[in-house]
Amino acid sequence: MEAEKEVLRILKREGVELVATLPCEKIKGLLSLLERDADFKKIHLLKEEDGVGVCAGFALAGGRPALLIQSSGLGNAFNALLSLSAFYRLPLPVLASWRGVFKEKIEAQIPFNRPLPAVLSAFGIPHKEIHTAEDLDALEDVVSIAFKEEMPAVALISPRVWEESSREVCEFNAPRREGWRKALRFECDVSPPEMTRFEAIKIIAEHLNAEVVVSNIGVPSKELFAARDRALNFYMLGSYSQASCIGFGISLRTSLPVFVLDGDGSLLATSILPVIAEHAPENLTIFCLDNGTFGSTGDQPTQAFSQVDMELLAKSFGFVQTEKVQNASQLKGVLKKIAEEPALRFVHVLLKPGNADVRNVGLDALEIKRRFRVALKQAEREREGVR
């Protein structure tokens, strides 16, 4: 498996610490070697777009991530690659198993994948085509460009690269499902919500000390900016459904507590909650600010308005510590508990629909990123000093 080993050697030489993956049959040997390599933190994704958000958060916190996916998954990831990684200038080398170009047996892979080089060029994303194992030097160029230029860069790796590789594949260390059972009981009393989202955000903002905060796109970020602007706030200006992904990525690279102000619509659109529950970072709290609507686009109802209980959803995905909040007193109580008892938490905050009349975030993307990184390093130094 010399080609696979060389890929991992390149990633190590470039200082990659975390690899977020979604499988492709053509790279099962590489995924197998990666799984056995203790030098990398591995994140097993369910959706490629979520990997962009996780890697963005990890990079924001000073880490060096990479994304390993099938090239078809780039179609799911382009918006996040452009409106998050490229927009905020966050480094992300993408290793894409290039389908549809070499001995492809699945015709459905061809229409999207063959024109990918032209598509990447149109989007202004640097890329290299790697057709044989002898071309793997180009992978080092891709990873280097991503980190030096702070932007996404893609290596399109043909299955031909692995033709001479051993077919040895190791078993993953996941527990077997035979005899596996999980009992879940859930009861709750739901009363009419008392707070608006802005009122809830103001309460959370009042309790902030050294917490990192990632706020969802649109009005939630504007409301946090109005309630309490601070350098440890990461305001999202784009990338629907990526708030919890970004917060999760940050939590993997810092010991500081991380709060995510997410929404019901955003969380229903992502597949990150089971992934977060799998890793269970104790410094991460997700606040699902559930007003039952797409608030930033005109209060169109989401499925959470009448049929989906977001706390139950989180529990079914493996969250152990969950809370349901329906008034200001309960929210303050949960914030006190979070400060005293670190754990991965999902806080379901039931809210009235409606947006506050607040101005736009008065910072551009690069200002948000730069001051966030400086504040994060300072807060980490102060935390280490306390210890």
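Residues numbered from 1 in each chain as written. Predicted model: local features only at pLDDT ≥ 70, side-chain atom pairs only at ≥ 80, totals over all residues. Heavy atoms only, no water.

A.B. asks: Would you mind showing me how to read the overall build of the protein chain here?
C.D. replies: Across its full length, the protein chain holds 15 helices and 14 strands. A compact globule built from 387 residues would reach a C-alpha radius of gyration of about 21 Å, and the protein chain, at 21 Å, matches this within 12%. Over its C-alpha atoms, taken along the principal directions, the protein chain stretches across nearly 65 × 50 × 45 Å. The buried share of the protein chain, reckoned over its 387 residues, is 54%. In the protein chain, the proportion of contacts linking residues at least 24 apart, taken out of those at least 6 apart, comes to 77%. Total accessible area on the protein chain stands at roughly 17100 Å², and carbon and sulfur atoms take up 50% of it. The positive charge centre, built from 47 side chains, and the negative charge centre, built from 52, are 1 Å apart in the protein chain. (Helix = DSSP H or I, 4+ residues; strand = E, 2+ residues; numbered from the N terminus. Rg over C-alpha atoms; globule rule 2.2 N^0.38 Å. Buried < 20%, exposed > 50% of the residue type's maximum accessible area, 1.4 Å probe, protein only. Contact = heavy atoms within 4.5 Å. Areas by Shrake-Rupley, 256 points an atom, 1.4 Å probe, with all protein chains shown as cover. Lys, Arg positive; Asp, Glu negative; His and termini not counted. Charge placed at Lys NZ, Arg CZ, Asp CG, Glu CD.)

A.B. asks: I keep staring at the sheet that holds strand β8 (residues 233-235) and nothing clicks. Help me out?
C.D. replies: In a beta sheet, neighbouring strands pair by backbone hydrogen bonds and run either parallel or antiparallel. Strand order in the open sheet formed by six strands is β8-β7-β9-β10-β14-β13, with parallel pairing between adjacent strands. Strand pairing shows two members of the sheet lacking a second neighbour, β8 and β13 (321-325), which therefore form its edges. On average, adjacent strands in this sheet sit at an angle of 15° to one another, irrespective of strand direction. In this sheet, β8 lies alongside strand β7 (residues 212-215) in parallel orientation, the contact comprising three bridges. Across the sheet, serine 215 pairs through a bridge with tyrosine 235, a residue of β8. Its contacts with the sheet place helix α10 (residues 243-251) against β7, β8, β9 (258-263) and β10 (284-290), and it is angled at close to 170° to β9. (Pairing = 2+ DSSP bridges. Axes fitted to C-alpha atoms, helices over the stretch in contact; angles between N-to-C directions.)

A.B. asks: Where do I start with the nonpolar core in this structure?
C.D. replies: Soluble globular proteins: nonpolar side chains tend toward being buried together. The biggest cluster of nonpolar side chains holds 91 residues, and the ones touching the most others in it are Leu74, Phe287, Leu331 and Val349. Residues contacting leucine 74, with those up to four places away along its chain left out, are Ile69, Leu81, Val94, Ala96, Phe112, Leu116, Val154 and Leu156. Counting 31 residues, the second-largest nonpolar core is a separate cluster that includes Leu8, Leu31, Phe40 and Val161. (Core = buried A, V, L, I, M, F, W, Y, C linked by side-chain atoms within 4.5 Å.)

A.B. asks: What should I look at first to understand the packing of aromatic side chains in this one?
C.D. replies: In the structure shown here, the tally under the stated rule is seven aromatic pairs. The positively charged end of lysine 202 is found above the aromatic ring belonging to phenylalanine 198, 4.7 Å away from the centroid. Sitting above the plane of the phenylalanine 58 ring, arginine 253 keeps its charged end 5.8 Å from the centroid. (Phe/Tyr/Trp six-rings, centres within 6.5 Å; stacked < 30°, edge-to-face > 60°. Lys NZ or Arg CZ within 6 Å of the ring centre and 35° of its normal.)

A.B. asks: Explain helix α3 (residues 48-60) here, please?
C.D. replies: The α-helix advances 3.6 residues per turn, and as a result positions three or four apart in sequence lie on the same side. Between the first and last C-alpha of α3 there are 19 Å, a value that for 13 residues agrees with the 18 Å anticipated at 1.5 Å per step. Residue glycine 62 follows α3 closely and has a positive phi angle near 95°. (Expected span 1.5 Å × (residues − 1).)

A.B. asks: Help me understand the sheet that holds strand β5 (residues 127-130), please; the structure alone is not making it clear to me.
C.D. replies: Strand order in the open sheet formed by six strands is β2-β1-β3-β4-β6-β5, with parallel pairing between adjacent strands. The open sheet has two free edges, formed respectively by β2 (41-44) and β5, since each of these has just one partner strand. Neighbour-to-neighbour, the strand axes of the sheet open up by a mean angle of 20°, direction not taken into account. Relative to β2, strand β1 (residues 18-21) is paired through four bridges, and the arrangement is parallel. Considered in β2, the bridge of alanine 20 is made with isoleucine 43.

A.B. asks: Explain the side chain of asparagine 113 here, please?
C.D. replies: Following the sequence through the fold, asparagine 113 ends up in helix α5 (residues 110-113). Among the polar contacts made by the side chain of asparagine 113, one reaches the side chain of serine 72 at a distance of 3.0 Å. The residues contacting asparagine 113, other than those within four sequence positions of it, are Ser71, Ser72, Trp98, Arg99 and Gly100. (Polar contact = N/O pair within 3.5 Å; in protein donor to acceptor, adjacent residues only side chain to side chain.)

A.B. asks: Please explain the pairing of strand β14 (residues 345-350) as it appears in this structure.
C.D. replies: Both faces of the sheet carry side chains from a regular strand, because those side chains alternate between them. Within β14, six of the six residues are buried, leaving the element largely enclosed by the surrounding structure. Of the two faces of β14, the one lined by Arg345, Val347 and Val349 and the one lined by Phe346, His348 and Leu350 are each fully buried. Pairing of β10 with β14, which is carried by six bridges, proceeds in the parallel orientation. When the bridges of β14 are listed, aspartate 290 appears paired with leucine 350. Pairing geometry for β13 and β14, over five bridges, is parallel. The partner of glutamine 321 across the bridge, within β14, is arginine 345. Note on the crossover from β13 through helix α14 (residues 328-340) to β14: the handedness is right-handed. (Right-handed = clockwise from strand over helix to strand, strands pointing away.)

A.B. asks: Would you take a moment to explain the environment of glutamate 194 for this structure?
C.D. replies: In this structure, glutamate 194 sits in the loop between β6 (152-157) and α8 (197-206). When the C-alpha atoms of glutamate 194 and lysine 352 are compared, they prove to be 6.7 Å apart, with 158 residues separating the residues in sequence. Not counting residues up to four positions away in its chain, the partners in contact with glutamate 194 are Glu199, Gln326, Asn327 and Lys352.

A.B. asks: What exactly am I supposed to notice about helix α4 (residues 74-86) here?
C.D. replies: With 13 residues, α4 ought to run about 18 Å at 1.5 Å a step, yet its terminal C-alpha atoms sit only 14 Å apart, falling short of that. The principal kink in α4, of about 40°, is found at alanine 80. Those residues of α4 not exposed but buried are Leu74, Ala77, Phe78, Ala80, Leu81, Ser83, Leu84 and Ser85. (Bend = angle between axes of the 7 residues up to and from the residue.)

A.B. asks: What should I look at first to understand unusual backbone geometry in this one?
C.D. replies: Among all residues except glycine, the phi angle is most often negative; among peptide bonds, the trans geometry is most common. Within the chain, glutamate 150 stands out as a residue other than glycine whose phi angle is a positive 50°. Looking at the element boundaries, glutamate 150 is found in the loop between α7 (137-149) and β6. Within the chain, serine 239 stands out as a residue other than glycine whose phi angle is a positive 70°. Within the element layout of this structure, serine 239 appears in the loop between β8 and α10. What makes serine 239 buried here is its relative accessible area of 4%.

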